[in-house]
Amino acid sequence: MTHRTCACCTPAFGRRSLFAASGLLAGAALMSRARAEDGTKYEAMLLTCIDPRFVTPVFKWMDARGLNGKYSRFGVAGAAVGTVAPSFKAWHPAFWDNLGASIQLHQIERVIVVNHRDCGAAAIAYGSQSIATREAETALHQKVFGEFKEQLAARQPLMQLEGALMALDGSVDTLG
């Protein structure tokens with residue numbers, strides 16, 4: 001049975017579903033304008049990896065910093081790796097578009113990047129030797145963070161930036 005109450009569930013776009021979709025888009029535009037105008041402001045956008053091992057440690061780290069409920073979040077394999085590595089080029093626009101939306105909707109002024117050790121996405125993008133030793137891994141994440149920092153400065157020159165490299169035990173080293 002097909003549920004036809006919204007345009008996204010309709011098998012083929014007809015005039016009615018197209019009209020419904022345009023109404024949804026108009027409503028979303030009005031809502032985003034209202035949200036920006038009501039003074040809603042969040043501290044930052046958090047860029048994290050999708051690795052399930054780090055969901056709780058990152059949340060606890062952000063909470064300990066007093067940022068619980070004060071940031072938007074974007075997750076992509078590798079965190080900053082996923083936004084700058086040439087092998088993940090197709091993913092890059094999704095992050096930058098989401099950052100633009102977070103700036104518009106949440107009035108953020110800072111990006112917090114949390115990369116992590118033992119990152120499979122880093123090994124995919126740069127080879128397993130790039131994370132074979134702690135020193136190599138740290139150097140790679142510093143390099144990636146530097147590339148991210150350059151791209152952020154070119155796209156959003158007023159945006160503040162913080163970088164962290166989290167270990168499996170939740171300890172954090174500063175990037176940049």
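See the structure printed just above.
Below: a short report on this structure. The numbers attached to residues start from 1 for each chain and follow its sequence in the written order. Where local features are concerned, this predicted model is filtered to residues with pLDDT of at least 70; where side-chain atom pairs are given and counted, the filter is 80 or more; whole-chain, interface and lining totals use all residues. Excluding hydrogens and water, the side-chain values take into account all heavy atoms of the structure.

1. So, the overall build of the protein chain
Counting from the N terminus, the helices are DSSP H or I runs at least four residues long and the strands are E runs at least two residues long. For the protein chain, the count of helices and strands is 6 helices and 5 strands. Listing each helix as α and each strand as β along the protein chain from the N terminus yields α-β-α-β-α-α-β-α-α-β-β. Summary of the burial criterion: residues with accessible area below 20% of their type's maximum are buried, those above 50% are exposed, and those between are partly exposed, where the area comes from a 1.4 Å probe applied to protein chains only. Across the 176 residues that make up the protein chain, the buried fraction comes to 38%. Each accessible area is a Shrake-Rupley result for a 1.4 Å probe, and residues are judged covered by the shown protein chains and nothing else. When the accessible surface of the protein chain is split by element, carbon and sulfur atoms take 58% of a total near 10100 Å².

2. Things to note about the pairing of strand β5 (residues 172–175)
One ladder, built from 4 bridges, connects strand β4 (residues 160–166) with β5; its direction is antiparallel. Looking at the pairing, A164 lines up with T174 of β5. In this analysis, strands are considered paired if DSSP registers two or more bridges between them. The turn joining β4 and β5, which pair antiparallel and follow one another in sequence, is formed by 5 residues; a positive phi near 90° is taken by G170.

3. With respect to the environment of A164
Note on placement: A164 falls in strand β4. Considering only alpha carbons, one finds A164 and Q142, 22 residues apart in sequence, at a separation of 9.6 Å. If near-sequence neighbours (up to four positions away) are discounted, A164 is found in contact with W61, V113, V114, N115, V172, D173 and L175. By definition in these notes, contact holds between two residues if any of their heavy atoms fall within 4.5 Å.

4. Some details on the environment of S87
The residue S87 is located in the loop between α3 (80–84) and α4 (92–106) in this model. Classification of S87 as partly exposed rests on a relative accessible area of 48%.

5. With respect to the sheet that holds strand β2 (residues 71–75)
A sheet is described by the order of its strands in space; here 5 strands give the open sequence β2-β1-β3-β4-β5, paired in mixed fashion. What marks the edges here is a single partner per strand, and that holds for β2 and β5. This sheet shows a mean twist of 25° between the axes of neighbouring strands, independent of strand direction. Think of each axis as a best-fit line through the C-alpha atoms, taken over the contacting stretch in the case of a helix, with angles from 0 to 180 degrees between the N-to-C directions.

6. Let's talk about the environment of I103
Its location among the elements puts I103 in helix α4. It is 8.5 Å that separates the C-alpha atoms of I103 and M45, two residues lying 58 residues apart in sequence. Beyond its immediate stretch of four places on either side in the chain, I103 contacts I108, Q156 and M159.

7. A closer look at the pairing of strand β3 (residues 110–116)
With respect to burial, β3 is a largely interior element, 7 of its 7 residues being buried. Across 4 bridges, strand β1 (residues 44–48) lies against β3 in parallel orientation. The partner of L46 across the bridge, within β3, is I112. Bridge count between β3 and β4: 7 bridges; the pairing is parallel. In the strand pairing of β4, I112 is matched with E162.

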